[in-house]
Amino acid sequence: MSHACNQIDRNYLLSLPFNTASPSLNWSAPDCCNWESISCDHKGRRECTSLYWKPTSLSHLNLSHNALSGCLPVRFFSSFNQLEVLDLSNNHLAGDISLLFSSNGSSDGWPSSIRLVDISNNDFNGIIQSWFLQRAQKLDKLNVSHNSFTGNIPNYLCMHSPFVRLLDFSFNDHSGQIPDGLGACSKLEIFRAGFNSLSGLIPHDIYSATRLEEISLPSNNLTGPISNDIVNLTKLTCLELYENELSGRLPVDIGKLNRLKHLFLDTNHLTGSLPPSLMNCTNLMTLKLGLNFFEGDISTLNFSRLHQLATLDLWNNKFTGSFPVSLSSCKSLRAIRIALNQLEGQIPPEVVQLKFLSFFSLGYNRLTNVTGAINILMRCKSLSFKSLYNVGPQISLENNGLSGNIPLEIGHLKQLYGLNLSHNYFSGNIPDQISKLTNLERLDLSANQLSGEIPKSFISLHFVHEFSVANNNLCGAIPSRTQLQSFDASAYEGNPGLCGAPLPYDCGHILHSNKDIQDEEDGPAIRWSHI
């Protein structure tokens, strides 16, 4: 069944800046779904426009955020002699970019009038050639991110485009090294080339582009150190170099980057202690240094001036010392992760001053006095223990060598979403007070020395979807007709005295065996075959 053209789409097509009455483009019929180069969906809405016109006087073309798909015509870009703004972003357009300039690989590139090119979030491919910009003297922004471009990023990008302020090559398949000549980009403010396959060193001349406010090169294969000359970039507010293979120490004078707000250096091979000057970056909001080889006593660092700091992530390093008391002065902190280090001592009571703290992870350290820690954390009113990645992790004190009974005070943490006390030396019964944590989604008490039965009050933990009490000394029946039967048997393994679903043996067998043993003990003879 055919549908008439939508009137809004018809009016839009008629407003396009070219002569629709020309013999080569007949748009005279009432129904635009029957027009040349136009197709519609089953509702009569314009689905695809395939136009082969030469708009030599067109200065602005914005077709962004549509559902345009397919390949553009060969030499499509060469038709625009006076174009200033081209925005084709967020479509499904495809094709080799070189063929959009010329069919034989030679062209003058973008016109001298071009100021903005945004073809991001499409399916374009091919190699970006240096001659694309040889006439683009007025170019201000170039965004080719989220495509399938390959090959090297062209060198000396600013030789012909000295006024460019934004270059974005991220989320492609570029290889080779970061281009040379960036130091000549005297107006460049944002340079992005992350999520490619770039390798080699960070080129030294990038530190001469003193107007840079953002350098984003994550998820590549970059190697070598971060030069101390980075302190020349005094306007830098965001430095993203995570998920590379960078090595060496942090620049000793990094504190001169006092406008820095976001520092992402996690997942590299960086070493050494943190330079004290880092604490001079008083505008820091995000500091992520996890998954490196940093070391040193972090309790000696004075965080008290970082009033804007909201996220501190130092996990999986070799930091020593105690929890930094000076962090209690960082009133904006919402997330702290220092798990998988070598911290010792106790959580200081000053932590309660962090009114906005919602995530706190110190697992796999050498902390002591869990009762004191719980008493402190229960006074943190905003602590909901949501993950840095918005997946809920939790209070994480696993693998810390903690011993004694699980403190009854745990029941006061009413907003707790996750509790992980696994791989410690807790003993005694599992406290009934845990059942008061009715918001719990994750509970892991495995690999301890807990004894007794699983509390029947656990039937009130309606939202738990990750659970384990494996490898303890628990006994008795798993509370029946509850959500506890929904977990895999591995959640209970390593407790020889436990019985009932989902374990493969029922409690009758265990009770019968126990009765036989008692009878044997009371009788005149021992029948070992029963045992």
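Given the structure is predicted, the values throughout are model-derived calculations rather than measurements.

Here we take up the overall build of the protein. Looking only at helices and strands, the protein has 3 helices and 37 strands in total. Taken over 531 residues, the protein has a buried fraction of 49%. About 24300 Å² of surface is accessible on the protein, with carbon and sulfur atoms providing 50% of the total.

With that settled, the discussion passes to the pattern of salt bridges. Using the criterion set out here, one finds 10 salt bridges in the structure. Among the salt bridges present, the one from Arg337 reaches Asp313, with a minimum N-O distance of 2.8 Å. You can see Arg337 sitting in strand E25 (residues 335-337) and its partner Asp313 sitting in strand E23 (residues 311-313), a full 24 residues away along the chain. In terms of burial, Arg337 and Asp313 fall into one category: buried. One salt bridge in this structure joins Arg442 and Glu466, with 3.6 Å as the shortest N-O distance.

Quick look at unusual backbone geometry now. Going from Ala501 to Pro502, the amide bond is cis rather than trans, its omega being 10 degrees. Relative to the elements of secondary structure, Pro502 occurs in the loop between strand E37 (497-499) and helix H3 (507-522). Phi is positive for Thr267, which is not a glycine, with a value near 60 degrees. Position of Thr267 among the secondary structure elements: in the loop between strand E19 (262-264) and strand E20 (269-272). Phi angles above zero are rare outside glycine, and Leu340 is one such case at about 55 degrees.

A word on the state of the cysteines. For the coordinates displayed, the defined rule picks out 2 disulfides. At a sulfur-sulfur separation of 2.1 Å, the disulfide partner of Cys499 is Cys507. Across the S-S bond of Cys499 and Cys507 the torsion is about 100 degrees, and the bridge reads as right-handed. For the pair Cys499 and Cys507, a shared accessibility class is recorded, and that class is buried.

Locating Cys238 in the fold gives a position in strand E17 (residues 238-240). For Cys238 and Ile215, which are 23 residues apart along the polypeptide, the C-alpha to C-alpha distance reads 6.4 Å. Filtering out sequence-adjacent residues up to four positions away, Cys238 remains in contact with Glu213, Glu214, Ile215, Leu260 and His262.

With that settled, the discussion passes to the sheet that holds E37. Taken in spatial order, the 5 strands of this open sheet run E30-E32-E34-E36-E37, and their pairing is parallel. Strands at the two margins of the open sheet, each flanked by one partner only, are strand E30 (403-405) and E37. Within this sheet the neighbouring strands show an average axis-to-axis angle of 25 degrees, counted without direction. Of the pairings in the sheet, the one linking strand E34 (residues 449-452) to strand E36 (residues 473-477) comprises 2 bridges and is parallel in character.

This part takes up the side chain of Ser277. Examined against the element boundaries, Ser277 turns out to sit in the loop between E20 and strand E21 (286-288). Contact partners of Ser277, with chain neighbours within four places excluded, come to Val252, Asp253, Ile254 and Gly255.

Below, the discussion takes up the sheet that holds strand E14 (residues 199-200). In spatial order, the strands read E14-E16-E18-E20-E22-E24; together these 6 strands make up an open sheet with parallel pairing. With partners counted over all chains shown, the strands left at the sheet margins are E14 and strand E24 (318-320), one partner each. One ladder, built from 2 bridges, connects strand E16 (residues 221-224) with strand E18 (residues 245-248); its direction is parallel. By the bridge assignment for E18, Thr223 is matched with Glu245.

The final tally for this structure, using the stated rule, is 16 aromatic pairs. Ring geometry for Phe458 against Phe467: centres 6.5 Å apart, planes inclined by 85 degrees, an arrangement best described as edge-to-face. Members of the aromatic cluster, each reached through a chain of ring pairs, are Phe76, Phe77, Phe80, Phe101, Trp110, Trp131 and Phe132. Lying over the aromatic face of Phe356, Arg334 brings its terminal NZ or CZ to 4.9 Å of the ring centre.

So, about the pairing of E18. Looking at chain direction, E18 and E20 are connected through 2 bridges and run parallel. The partner of Ser247 across the bridge, within E20, is His269.

Its place among the elements puts Leu201 in the loop between E14 and strand E15 (214-216). When its relative accessible area of 53% is taken as the criterion, Leu201 is described as exposed. In the structure, Leu201 is positioned 25 residues away from Ile226 in sequence and 8.9 Å away in space, judged by C-alpha atoms. Dropping the residues within four chain positions of it, Leu201 is found in contact with Thr223 and Gly224.

What follows covers the side chain of Ser468. Along the polypeptide, Ser468 turns up in strand E35 (residues 466-468). Residue class for Ser468 comes out buried when judged on its relative accessible area of 14%. A polar contact of 3.4 Å, which involves the side chain of Ser468, links it to the backbone nitrogen of Ala470. Every residue in contact with Ser468, bar those within four places of it in the chain, is listed here: Leu443, Asp444, Leu445, Ser446 and Ala491.

With that settled, the discussion passes to the nonpolar core. In terms of nonpolar packing, the biggest core is built from 130 residues, with Phe77, Trp110, Phe169, Phe191, Phe467 and Tyr492 touching the most fellow members. The biggest single contributor to this core is helix H2 (residues 370-377), with 4 residues. When neighbours within four sequence positions are excluded, Phe77 is seen to be in contact with Leu72, Leu86, Leu88, Ile97, Leu100, Phe101 and Trp110. Core analysis: the next-biggest nonpolar cluster, separate from the first, contains 5 residues, Trp27, Cys32, Cys33 and Trp35 among them.

Cut-offs used in this document
Residues numbered from 1 in each chain as written. Predicted model: local features only at pLDDT ≥ 70, side-chain atom pairs only at ≥ 80, totals over all residues. Heavy atoms only, no water. Helix = DSSP H or I, 4+ residues; strand = E, 2+ residues; numbered from the N terminus. Buried < 20%, exposed > 50% of the residue type's maximum accessible area, 1.4 Å probe, protein only. Areas by Shrake-Rupley, 256 points an atom, 1.4 Å probe, with all protein chains shown as cover. Salt bridge = Lys/Arg side-chain N within 4 Å of Asp/Glu carboxyl O. Disulfide = S-S within 2.5 Å. Contact = heavy atoms within 4.5 Å. Pairing = 2+ DSSP bridges. Axes fitted to C-alpha atoms, helices over the stretch in contact; angles between N-to-C directions. Phe/Tyr/Trp six-rings, centres within 6.5 Å; stacked < 30°, edge-to-face > 60°. Lys NZ or Arg CZ within 6 Å of the ring centre and 35° of its normal. Polar contact = N/O pair within 3.5 Å; in protein donor to acceptor, adjacent residues only side chain to side chain. Core = buried A, V, L, I, M, F, W, Y, C linked by side-chain atoms within 4.5 Å.

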